[in-house]
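Working through the structure, step by step
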Amino acid sequence: MPRLAVDNLLISHFRSHRRTEMAFEGRPVAIFGPNGAGKTNILEALSLLSPGRGLRRAGAEELARRPESLGWKIRASVDCIGQVHEIETFAEPGSSRSVLVDGKPVAQAVLGRIVRMLWLVPAMDRLWIEGAEGRRRFLDRMTLSFDPGHAEAVLTYEKAMRERNRLLKDDVRDPRWYGALEAQMAGAGAAIQASRRAAVDRVTAAQTGTEGAFPKADLTIVAPEGEEAIDGADALAEALARGRSRDIAAGRTLTGPHRTDLAAIYAAKGTPAAQASTGEQKALLLSLVLANARALAEDYGAPPILLLDEVAAHLDAGRRALLYDEICALGAQAFLTGTGADLFEGLGARAQVFEVADTDGQSRAVERTIA
């Protein structure tokens, strides 16, 4: 069966890990240990095999192990549907993050074409009730999993927007200064919008017929309250030009895909996700991640790597069993963390199990067997 999986992982001077080496077999991986032992740090290291700042959105300097502050390194072999890539990412003190693939320096965006990865972490539990920024990040991670080129479009858009914002703050009013930047923003913005819509449609379709296991969420990409949705490069370019006076007053760009939001309806009840219970909101998020994984398994040829931090602890035994069965049916390499080995008994021999403990001020991971 085609697979996308990390075969081995080296973590060096990263967070609480001085040196941790782990070998994986492609099966789900259960990681247990007390709070503060370094479990999530392993998932964070894995998340840096994909583009961006990882599941904690930390800067390169924050990731270095203290007190040494020698810089950090993560190295992994990844089986990408039969083609094995050696990925290394690291940062020296005072430097930004670098990436090597098969020994050659590459841009982070290249990782999106090699490693399809999704995650769910406790910080996302309030996704539906907090600000739109977190929901846009969730939407863009979903979109990136289907369209690796989405990362380049976002970078192009954000770079042009930063330059336009500088003009706005300097009270520049000559339209000639804005034309080229707004054209770049409009082109990249239209690509962002199209990719986001395609991802939402694909994930929505992948939820069909799964309501018995996890609740279905109806997703919609919406404009900020009081504003109309703008679709297409020409319309976005016109809106940017029309809004210059307002943007100068604000000192920033107030129109574009960086302002859109993701709305979700708990389909079975017909209520907004923000009005659902805490448990229901968590179940909706998990449902979306699983639907995203199912869609990728169909489109890409293999399910993505899943990072599920402390997810099992928030599910009852029945729903935990459904989650484990879903992961195994997908054939996904999922990394799950929890405080106790008992949380993973439902996986049995279907999973590799590691215990993580803090010993002498550093995290250590040891493979275990669950009876």
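Everything below is about the structure shown above.
Reading the values: rules and limits
- Residues numbered from 1 in each chain as written.
- Predicted model: local features only at pLDDT ≥ 70, side-chain atom pairs only at ≥ 80, totals over all residues.
- Heavy atoms only, no water.
- Axes fitted to C-alpha atoms, helices over the stretch in contact; angles between N-to-C directions.
- Helix = DSSP H or I, 4+ residues; strand = E, 2+ residues; numbered from the N terminus.
- Parallel < 35°, antiparallel > 145°, perpendicular 65-115°, else oblique.
- Left-handed = near helix turned anticlockwise from the far one by under 90°.
- Contact = heavy atoms within 4.5 Å.
- Nonpolar A, V, L, I, M, F, W, Y, C, P; charged D, E, K, R; others polar.
- Buried < 20%, exposed > 50% of the residue type's maximum accessible area, 1.4 Å probe, protein only.
- Polar contact = N/O pair within 3.5 Å; in protein donor to acceptor, adjacent residues only side chain to side chain.
- Core = buried A, V, L, I, M, F, W, Y, C linked by side-chain atoms within 4.5 Å.

The next thing to look at is the packing of helix 3 (residues 132–146) against helix 8 (residues 278–300). For the pair helix 3 and helix 8, the least separation of the axes is 10 Å and the interaxial angle reads 15°. Taken together, helix 3 and helix 8 sit at an angle that is classed as roughly parallel. In this structure, helix 3 meets helix 8 at a crossing whose hand is right-handed. Seen from helix 3, the contacting residues are Phe138, Met142, Ser145 and Phe146; seen from helix 8, they are Leu285, Leu288, Val289, Asn292, Ala295, Leu296 and Asp299. Partitioning the contact of helix 3 with helix 8 into residue classes produces eight nonpolar, two polar and one charged.

Within the element layout of this structure, Glu280 appears in helix 8. We classify Glu280 as buried; its relative accessible area is 17%. A distance of 2.3 Å separates the side chain of Glu280 from the side chain of Lys269, its partner in a polar contact. Aside from chain neighbours lying at most four places away, what touches Glu280 is Tyr266 and Lys269.

Turning our eyes to something else, we now look at the nonpolar core. Ranked by internal contacts, the top residues of the largest apolar core, which has 93 residues, are Leu323 and Phe344. Among the elements that line this core, the one with the most residues is helix 8, at eleven residues. What Leu323 contacts, discounting residues up to four positions off in sequence, is Phe214, Leu286, Leu290, Val311, Leu315 and Leu336. Ala153, Val172, Tyr178 and Leu181 belong to the second-largest nonpolar core, a separate cluster that totals 17 residues.

So, on to the packing of helix 4 (residues 150–169) against helix 5 (residues 179–206). Put simply, helix 4 and helix 5 touch, their axes get as near as 8 Å, and they point 145° apart. Relative to helix 5, helix 4 is oriented so that their crossing is left-handed. Along its contact with helix 4, which presents His150, Ala153, Val154, Thr156, Tyr157, Ala160, Met161, Glu163, Arg164 and Leu167, the element helix 5 presents Leu181, Glu182, Gln184, Met185, Ala188, Gly189, Ala191, Ile192, Ser195 and Arg196.

Take unusual backbone geometry next. Cis peptide bonds are those with omega within 30 degrees of zero, and the linkage from Arg66 to Pro67 qualifies with 5°. The backbone of Arg15 sits at a positive phi, close to 55°, despite the residue not being glycine. Residue position: Arg15 is located in the loop between strand 1 (4–14) and strand 2 (17–23). Here Ile81, not a glycine, exhibits a phi torsion of approximately 50°, which is positive. Structurally, Ile81 is set in the loop between strand 4 (72–80) and strand 5 (83–91).

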